[in-house]
Amino acid sequence: MIPRYMVNFDLQQLPTVYTDVIVIGAGIAGLFTALRSAETHKVLMVTKKSLLDSNTRYAQGGIAAVISDEDSPAYHRQDTLIAGAGLCSSSAVDVLVHEGPAGVKDLIRMGTEFDMEDGRYALTKEGAHSQRRILHAQGDATGAEIVRALSERTKQDPNIEIWDDHFVIDLITQDGECFGALVQKPDGQKVFIRANATVLCSGGAGQLFRYTTNPDIATGDGIAIAYRAGANIRDVEFIQFHPTALCYPGAPRFLISEAVRGEGAVLRNINGERFMDRYHPQLELAPRDIVARAIVSEMELTKSTFVYIDFTHESEETVKYRFPTIYETCLTYGLDLSSDWIPVAPAAHYMMGGVETDLHGETTVKRLFACGEVTSTGVHGANRLASNSLSEAIVFGRRIVERIRELDKITETPVLSERGRATGQAIQPVVEKKLKLQKLMLRYAGLKRNGKGLAKGYEELKRHLAIFDNSLAKREEYEFANLLICALLTTQAALIREESRGGHYREDFPERDDLLWRKHTVFNRVNGTTEGRIDDV
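Residues numbered from 1 in each chain as written. Predicted model: local features only at pLDDT ≥ 70, side-chain atom pairs only at ≥ 80, totals over all residues. Heavy atoms only, no water.

Visitor: I would appreciate a short explanation of the overall build of the protein chain in the present structure.
Guide: The helix and strand inventory of the protein chain stands at 14 helices and 23 strands. In summary, the protein chain has a C-alpha radius of gyration of 22 Å against a globular reference of 24 Å for 537 residues, a match within 12%. Principal-axis analysis of the C-alpha atoms places the extent of the protein chain at approximately 65 × 55 × 45 Å. When the 537 residues of the protein chain are sorted by exposure, 64% land in the buried category. Nonlocal contacts in the protein chain, meaning residues at least 24 apart in sequence, comprise 72% of its contacts between residues at least 6 apart. Summed over all atoms, the accessible surface of the protein chain reaches about 20200 Å², with 48% contributed by carbon and sulfur. Averaging the locations of the 63 positively and 73 negatively charged side chains of the protein chain gives two centres separated by 4 Å. (Helix = DSSP H or I, 4+ residues; strand = E, 2+ residues; numbered from the N terminus. Rg over C-alpha atoms; globule rule 2.2 N^0.38 Å. Buried < 20%, exposed > 50% of the residue type's maximum accessible area, 1.4 Å probe, protein only. Contact = heavy atoms within 4.5 Å. Areas by Shrake-Rupley, 256 points an atom, 1.4 Å probe, with all protein chains shown as cover. Lys, Arg positive; Asp, Glu negative; His and termini not counted. Charge placed at Lys NZ, Arg CZ, Asp CG, Glu CD.)

Visitor: Explain the nonpolar core to me, please; I cannot follow it from the model alone.
Guide: Considering soluble globular proteins, one finds that nonpolar side chains tend to be buried as a cluster. Within the largest apolar cluster, 79 residues are counted, with the highest numbers of intra-cluster contacts made by Leu208, Ile233 and Phe468. Apart from the residues within four sequence positions on either side, leucine 208 is in contact with Met351, Leu437, Gln438, Met441, Leu483, Cys486, Ala487 and Thr490. (Core = buried A, V, L, I, M, F, W, Y, C linked by side-chain atoms within 4.5 Å.)

Visitor: Looking at this model, I keep getting lost on the pattern of salt bridges. Mind explaining?
Guide: Side-chain pairs of opposite charge can arise where the charged atoms are in close proximity. According to the stated counting rule, one finds 40 salt bridges in the structure shown. Note that glutamate 39 is salt-bridged to arginine 405, the shortest N-O span being 3.3 Å. Residue glutamate 39 is located in the loop between α1 (28-37) and β3 (43-46), and its partner arginine 405 is located in the loop between α10 (388-404) and β21 (417-418); the two are separated by 366 residues in the primary sequence. Taking the shortest distance from any N to any O, the salt bridge between arginine 293 and aspartate 289 comes out at 3.1 Å. (Salt bridge = Lys/Arg side-chain N within 4 Å of Asp/Glu carboxyl O.)

Visitor: What is the right way to look at unusual backbone geometry in this model?
Guide: Most peptide bonds take the trans configuration, and most residues that are not glycine carry a negative phi. Within the chain, arginine 367 stands out as a residue other than glycine whose phi angle is a positive 70°. You can see arginine 367 is positioned in the loop between β18 (354-356) and β19 (368-370). Even without being glycine, serine 387 reaches a positive phi, approximately 70°. Along the chain, serine 387 turns up in the loop between β20 (375-376) and α10.

Visitor: Which parts of the structure should I look at to understand the side chain of aspartate 10?
Guide: Here aspartate 10 is to be found in strand β1 (residues 9-10). According to the relative accessible area criterion, aspartate 10 is buried, its value standing at 14%. Of note is the side chain of aspartate 10, whose polar atom sits 3.0 Å from the backbone nitrogen of glutamine 12. (Polar contact = N/O pair within 3.5 Å; in protein donor to acceptor, adjacent residues only side chain to side chain.)

Visitor: What is the right way to read the environment of alanine 487 from this model?
Guide: Relative to the helices and strands, alanine 487 resides in helix α13 (residues 475-496). A relative accessible area of 0% places alanine 487 in the buried class. Taking C-alpha positions, alanine 487 is 9.5 Å from glycine 457, a pair spaced 30 residues apart along the chain. Aside from chain neighbours lying at most four places away, what touches alanine 487 is Leu208, Leu437, Met441 and Leu461.

Visitor: When you look at the sheet that holds strand β7 (residues 123-124) in this model, what are you seeing that I'm missing?
Guide: Strand pairing in a sheet is mediated by backbone hydrogen bonds. Such pairs are either parallel or antiparallel. Taking strand neighbours across the sheet as the criterion, the three strands line up as β4-β8-β7 in an open arrangement whose pairing is antiparallel. Two strands in the sheet have a free side with no partner beyond their single neighbour: β4 (63-64) and β7. Alignment of β4 against strand β8 (residues 134-135), held across two bridges, turns out to be antiparallel. Directly across from isoleucine 63, in β8, lies its bridge partner leucine 135. (Pairing = 2+ DSSP bridges.)

Visitor: For this particular structure, what's the right way to read the sheet that holds strand β16 (residues 307-310)?
Guide: Strand order in the open sheet formed by four strands is β14-β17-β16-β15, and the pairing between neighbours is antiparallel. Sheet topology places β14 (239-246) and β15 (266-268) at the edges, where each strand pairs with a single neighbour. Across the sheet, the axes of successive neighbouring strands diverge by a mean angle of 45°, strand direction being ignored. Pairing between β15 and β16: three bridges, direction antiparallel. Directly across from leucine 267, in β16, lies its bridge partner isoleucine 309. (Axes fitted to C-alpha atoms, helices over the stretch in contact; angles between N-to-C directions.)

This is the structure we're talking about:
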């Protein structure tokens with residue numbers, strides 16, 4: 001059984017820190033929301049590593065927004081809805097496409113320097129986009145540039161206090177309202193942060209899988225602590241596997257940006273054959289789930305562990321200018337993007353589902369907000385459109401701050417303690433448990449799933465629930481417990497959904513079924529599993 005709290009505590013005995021707003025996490029969602037909140041409130045920003053460690057930092061392709069005169073919000077909306085495979089919230093998508101350009105202007109005002117061409121912002125095209133609308137920075141280092149700009153401003157803002165190397169263990173709630181967070185300091189001491197509003201910006205859960213483009217911090221902490229706190233968790237069966245991650249001995253699963261295909265790169269199997277014409281009319285620029293499954297099919301047909309991405313038609317100068325980070329990284333492993341076919345394979349990249357929020361980022365728990373990949377806003381549906389994630393973070397970050405400014409101040413502190421946690425000690429090292437979980441998820445809940453495998457995987461995952469019988473004290477122990485919760489929810493949701501849609505593919509139910517399954521899968525620790533309706537406003 002998953003407990004409400006992971007550790008024993010007594011709020012009356014703990015040191016208490018008071019602030020207006022807690023921001024948990026330091027990607028674009030956390031940095032942007034903290035900066036906007038700090039215009040009117042005191043903000044305490046909690047990161048489990050540092051301001052420079054997040055999924056955002058590794059984002060290459062860019063940020064999608066309607067900037068060009070040839071583009072329009074209607075086109076962006078249509079592309080997003082098509083990619084989302086029938087599960088997007090129309091109202092959330094409308095918010096994204098209409099408010100995205102203003103959010104980009106905010107980023108520019110905060111110091112982000114996007115690439116320019118002939119006095120205009122350079123725009124590229126990515127998979128399933130009908131127009132060139134992706135702004136980028138330093139060629140393929142968009143995320144790093146955004147983090148640079150926002151983190152510099154964050155460190156200089158007198159209204160923002162930053163706690164690096166701190167871990168949020170749980171949210172403190174009473175009667176369906178969030179009062180703040182229970183945090184562990186680097187020395188192991190616990191402290192209660194009481195706040196008027198708490199904002200989860202803790203990113204995704206790529207570490208659920210053995211192969212991922214995400215850094216090691218992406219352990220699903222926000223989803224798990226929100227679930228324990230009583231918030232709704234929605235659509236976590238939809239995992240996006242990026243089609244093209246570097247697959248080479250000794251190299252990490254480094255992302256080969258979709259923008260490379262947007263600029264004309266093609267996919268070839270190990271026999272040198274271009275194959276996407278057999279799978280989709282948009283070829284290499286089909287939605288990510290289709291390209292990823294096509295690659296896996298080719299790997300199975302040719303008995304290979306990879307396919308190639310071929311960008312050799314471009315000059316060395318163009319490749320170096322447009323994709324400097326990818327070029328240099330590949331070169332580190334003896335691969336030249338301008339003259340070599342680069343071996344790639346799919347890797348876990350993004351979770352479309354997460355903590356359910358409304359159009360102002362508020363969860364089903366009062367005073368608890370969420371922003372970025374940790375959320376299920378309704379924008380991404382069953383399959384995220386490339387480069388919409390950074391847009392989503394700034395658009396809903398702005399809306400969260402608007403809502404926070406309307407909140408009444410908390411005037412009380414709950415009298416709360418948790419004394420029922422077990423005190424046993426784990427026998428198996430957590431690192432071994434994590435590796436087993438990752439392999440299990442890859443095998444049973446990866447790109448291709450079936451009912452028999454999912455049921456077996458779910459039962460095997462439940463055996464790890466004994467972790468909650470132990471006394472947890474270290475970051476890696478909390479992270480594993482959070483990963484386990486995410487894995488159980490993801491596997492259960494995938495088992496429930498007996499169809500294939502977007503990032504969820506069932507071999508035993510290969511067709512999309514709008515009649516029975518055009519609905520959300522919603523989990524709540526207290527209320528159990530429910531269905532959510534689709535917003536078609």
